[in-house]
2 protein chains.
Amino acid sequence: MEKKLSTESYKGTRDFYPEDMAIQRYIFETWAKTAELFGFERYDASILEPSELYKSKGAENEEMVREQTYTFIDRGDREVTLRPEMTPTVARMVAGKRRDLNFPVRWYSIPNLFRYERPQRGRLREHWQLNCDMFGVDDISADVEMIALAYNVLKAFGAKDSDFEIRINDRSWLNGIFGDFGLNQDQSKQMLTLLDRKEKITNFDEEAEKICGKPFILDLEEPENGSRLYDVCKGLQEIGIIKNLKVSASTVRGFNYYTSTVFEIFDTSPTNNRSLMGGGRYDNLTGLFGGDPISGMGFGLGDVTMRDFLETHNLLDGKVSITAPTLMVLPIDASQNIEAEKIAMAFRNAHIRTAVDLSDKKIGKKISHADEVGTSYILVVGADETVSQIFTLKTLATKSETKGTISELIASLT
Amino acid sequence: MEKKLSTESYKGTRDFYPEDMAIQRYIFETWAKTAELFGFERYDASILEPSELYKSKGAENEEMVREQTYTFIDRGDREVTLRPEMTPTVARMVAGKRRDLNFPVRWYSIPNLFRYERPQRGRLREHWQLNCDMFGVDDISADVEMIALAYNVLKAFGAKDSDFEIRINDRSWLNGIFGDFGLNQDQSKQMLTLLDRKEKITNFDEEAEKICGKPFILDLEEPENGSRLYDVCKGLQEIGIIKNLKVSASTVRGFNYYTSTVFEIFDTSPTNNRSLMGGGRYDNLTGLFGGDPISGMGFGLGDVTMRDFLETHNLLDGKVSITAPTLMVLPIDASQNIEAEKIAMAFRNAHIRTAVDLSDKKIGKKISHADEVGTSYILVVGADETVSQIFTLKTLATKSETKGTISELIASLT
């Protein structure tokens, strides 16, 4: 006897049955609509990338590639990686067409990304992410627009200002303060890494003293007038983002390509108190590919954290359902199946979503099933109707009926 | 000096810059709309699948997995494959929820698929595919509906009946004829494989005689009255698919899970004379997962062949372009950037797609750029406007201008 195959998906990945797919599509469509409202254009690329794209920034990255990504050698001896993030890809694409592109470039994508780690809540091996980037603008208005876009992505789902908090910081400003405090470059870098872990550890002060060689005091709640961080915050307030904006010294973001403004959006709900999304300004991501640096600012937002946020704040209620066909054509028995398909084709040609119940259920069961799935209309096809070519269209909600030829019934619906 | 990274994508894959992405989205959206017009529901799954899903059908498949797919061992010693086709995945998913699903199940998906082969025209290492399947109906009406859906997918792009030909066949009927001709099961299987290659080889008769041990004569242009193939063709004609339907004995399709009706759609253009899509009926795909067999019928259509078809028949002309923002707000210089963003936010809140030109171009260049990309309206922001809060909205096509406050201008557009 043959061994039965498992119906489980591969570890750390998800199957999207139609109910989940409908939610996924609602999320993706809302993301796309919001990005396009800001004039962003969509791009995409393959999930396969040469591994060197992720390794190139030094030994630290080599270890990341080896330990945390799906990387393998292909038969042409190329090392290939399933993309763990989209930023290197978009930098590669911008660098590749730098001469043909009109800056500022505003691009977004909704890629799937792969991580090789222990699956846990919100951290699967495969997830999708909204990625938005603006290239070619140094001015603070780019930072303001990107954070405004991130803010509007959440608002587009019906979130209230009190549902989330925008934590903002500036790495260059922080580095300046580290310098004033007497830290060298290496100590400053260690302090950035430590700050990134601040909320996860209990002995921050102790660890900071180890790095600095003296007690570390950081009081950054108010950025100085004239600093970039001050201007970005002021800009955000001017365009109306006030209530949930907070300068946060411990917001530094994990990626080491950020050079200035960084931000992170947190869910304020006590039951889902976590980072939803984040991003920052990078001044030379395309430099690896040669040519003059092109500055940019971008952010990413994952589908799993997005859905958790929407469910935490009851923002999916009543918004997503599988769209049932508008009309179900119900043959009384199998001998009417082709006639039913012929009728269905006429409605489809008039752009009416139409399905035929080709099951061998009794007609009563077919009617109650159509009602259950939320179809608006039904049309029963039996031998009499096939001969007379007069059919009855029934509106399920009102139980009202219309009699006529197929063209008359189509006209009654359009 | 550091080595510069290449900006090329990984071999056999494509980058989708916004122009190509717009075409890709137009194709995917037309596919989705047509499938939904027939009452199909969308599903998806991960590109990562346990390798055993593809190996399970015997040694032939083991070789296919080893030779033609991206397969590797993960750190948990699981063998994992980047899916080369969607049918095994959908069979797994249907089998996994067989008790909860309401049959007939009509599902579609637009997955990306991976093949490890030498890249050539239309055969990349990564491509996307429309996959449609109906599960749970044995009746010929399911075969008719699936072929009608395939037909309508091409019609939805504006294709004419003369642009393509539907070749239809029935493997079980062919096997019956092989039996009548005196061939055993093994010889029949070899003949199926040979027929699949008929159009690509010149010595078909010779090879057929080798298998059969005698000259092989196949005359199948007219299926017998009462056969399944006859009924499927008759059903297709009844629902209006007549002109481009052709019974074709050499249409057998590569996949060995097909058991009965098979079909293939060919481009009739002499410059692109090739198979566009194909599918067939499988009577026991879910059997590998245990439980009673669930019959089904499905087909697949690739994005590369789809685009080649559309370009061959000039069906993309004027249909796809990158949608420019409706309004471009143009600050006279950088000191007006935040004011410009503030104004843009007001238009975006009224659902008007609005971008701000944050470049350091001169205002004249900003205006001509907005015109070039096809923006409908522009609004210039200078120091005077910022003080008076009276702005001018210019319609680029007519050169007409409207003056007013931002709320008045928004009202004029909505």
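Residues numbered from 1 in each chain as written. Chains lettered and ligands numbered in written order. Predicted model: local features only at pLDDT ≥ 70, side-chain atom pairs only at ≥ 80, totals over all residues.

Assigned secondary structure in chain A consists of 14 helices and 17 strands. Taking 22 Å as the expected radius of gyration for a compact globule of 414 residues, we find that chain A reaches 28 Å, considerably beyond that expectation. Taken over the C-alpha atoms alone, chain A extends approximately 95 × 60 × 50 Å along its principal axes. With 414 residues in all, chain A has 43% of them scored as buried. Within chain A, residue pairs in contact and separated by at least 24 positions form 65% of the contacts whose partners lie at least 6 positions apart. (Helix = DSSP H or I, 4+ residues; strand = E, 2+ residues; numbered from the N terminus. Rg over C-alpha atoms; globule rule 2.2 N^0.38 Å. Buried ≥ 20, exposed ≤ 12 C-beta atoms within 10 Å, placed from the backbone. Contact = placed C-beta atoms within 7 Å.)

Once that is clear, we can look at the relation of the copies chain A and chain B. With an axial shift of 0.0 Å and an RMSD of 0.1 Å, the rotation relating chain A to chain B amounts to 180 degrees. The two molecules are tied by a two-fold rotation axis, judged by turn and shift. For chain A, the smallest separation between a C-alpha atom and the rotation axis is recorded for Phe72 of chain A, amounting to 3.6 Å. Here 100% of the interface residues in chain A have copies in chain B that are interface residues too; the copies meet face to matching face. (Least-squares fit on C-alpha atoms with pLDDT ≥ 70 in both.)

What follows deals with helix α10 (residues 303-312) of chain A. Residues and elements named next belong to chain A. For α10, the set of buried residues is Asp303, Thr305, Met306, Phe309 and Leu310. Projected down its long axis, α10 carries its buried residues within an arc of 165 degrees, all on one side. The secondary structure elements touched by the buried residues of α10 are α1 (18-37), β7 (126-135), β10 (261-267), β11 (275-282) and β12 (296-302). Note on α10: the residue one or two positions beyond its end, Asn314, has a positive phi of about 55 degrees. (Arc of directions from axis to C-beta.)

On to the packing of helix α5 (residues 140-156) of chain A against helix α9 (residues 228-238) of chain A, then. All names here are of chain A. Axis separation between α5 and α9 bottoms out at 9 Å; the angle between their running directions is 50 degrees. Classified by the angle between their axes, α5 and α9 sit oblique to one another. In terms of crossing hand, the pair formed by α5 and α9 is right-handed. Across from Ile140, Ser141, Asp143, Val144 and Ile147 in α5, the residues of α9 making contact are Arg228, Asp231, Val232, Gly235 and Leu236. When the residues that make up the contact of α5 with α9 are grouped by side-chain class, the tally is five nonpolar, two polar and three charged. (Axes fitted to C-alpha atoms, helices over the stretch in contact; angles between N-to-C directions. Parallel < 35°, antiparallel > 145°, perpendicular 65-115°, else oblique. Left-handed = near helix turned anticlockwise from the far one by under 90°. Nonpolar A, V, L, I, M, F, W, Y, C, P; charged D, E, K, R; others polar.)

Attention shifts here to the interface of chain A and chain B. Counting residues at the interface gives 74 residues for chain A, matched by 75 residues for chain B. By residue number, the principal contributor to the side of chain A that touches chain B is helix α11 (residues 337-349) of chain A, which donates six residues.

Before going further, it helps to spend a moment on the domain arrangement of chain A. The assigned domain composition of chain A is domain 1 (18-47 + 83-312) and domain 2 (327-413). Summarising the inter-unit geometry, the C-alpha centres of domain 1 of chain A and domain 2 of chain A are found 52 Å apart. (Domains from an automatic or database assignment.)

Residue and element names in this part refer to chain B. One open sheet accounts for five strands, arranged β14-β13-β15-β16-β17; its pairing is mixed. On the outer flanks of this sheet lie β14 (354-356) and β17 (401-404), each paired with one strand and no other. Taking each pair of neighbouring strands and ignoring which way they run, the sheet shows an average axis angle of 20 degrees. When strand β13 (residues 327-331) meets β14, the two strands line up parallel, connected through three bridges. Residue pairing in the sheet places Val329 in a bridge with Val356 of β14. Along the sheet face, helix α11 (residues 337-349) touches β13, β14 and β15 (377-381) and points at about 160 degrees away from the line of β13. (Pairing = 2+ DSSP bridges.)

To continue, consider the pairing of β15 of chain B. All names here are of chain B. Most of β15 is tucked away, with five of its five residues classed as buried. Burial along β15 is two-sided: Tyr377, Leu379 and Val381 facing one way and Ile378 and Val380 facing the other are all buried. As defined by bridge partners, β13 adjoins β15 across five bridges and the pair is classed as parallel. Directly across from Leu330, in β15, lies its bridge partner Val380. Where β15 meets strand β16 (residues 391-395), three bridges bridge the pair, whose relative direction is antiparallel. What sits directly across from Leu379, in β16, is Leu393.

The strands making up a sheet associate through hydrogen bonds between their backbones, and the pairing can be parallel or antiparallel. All names here are of chain A. If you walk across this open sheet you meet the three strands as β2-β4-β3, and the pairing is antiparallel. The strands lining the two open edges of the sheet, one partner per strand, are β2 (48-50) and β3 (71-73). The mean angle between the axes of side-by-side strands here comes to 35 degrees, regardless of whether they run parallel or antiparallel. Pairing geometry for β3 and strand β4 (residues 79-82), over three bridges, is antiparallel. Across the sheet, Ile73 pairs through a bridge with Glu79, a residue of β4.

It is worth spelling out the pairing of strand β4 (residues 79-82) of chain B at this point. All names here are of chain B. Sheet topology note: the strand β2 (residues 48-50)/β4 ladder contains three bridges and is antiparallel. In the sheet register, Leu48 faces β4, and the bridge partner there is Leu82. Two successive antiparallel strands, strand β3 (residues 71-73) and β4, enclose a turn made up of five residues, where Asp77 displays a positive phi of approximately 65 degrees.

The next thing to look at is the packing of helix α7 (residues 185-196) of chain A against helix α8 (residues 204-212) of chain A. Residues and elements named next belong to chain A. Their axes nearest at 10 Å, the elements α7 and α8 cross at an angle of 170 degrees. Between α7 and α8, the interaxial angle falls into the category roughly antiparallel. Seen from α7, the contacting residues are Gln187, Gln190, Met191 and Leu194; seen from α8, they are Phe204, Glu207, Ala208, Ile211 and Cys212. Considered class by class, the residues forming the contact of α7 with α8 number six nonpolar, two polar and one charged.

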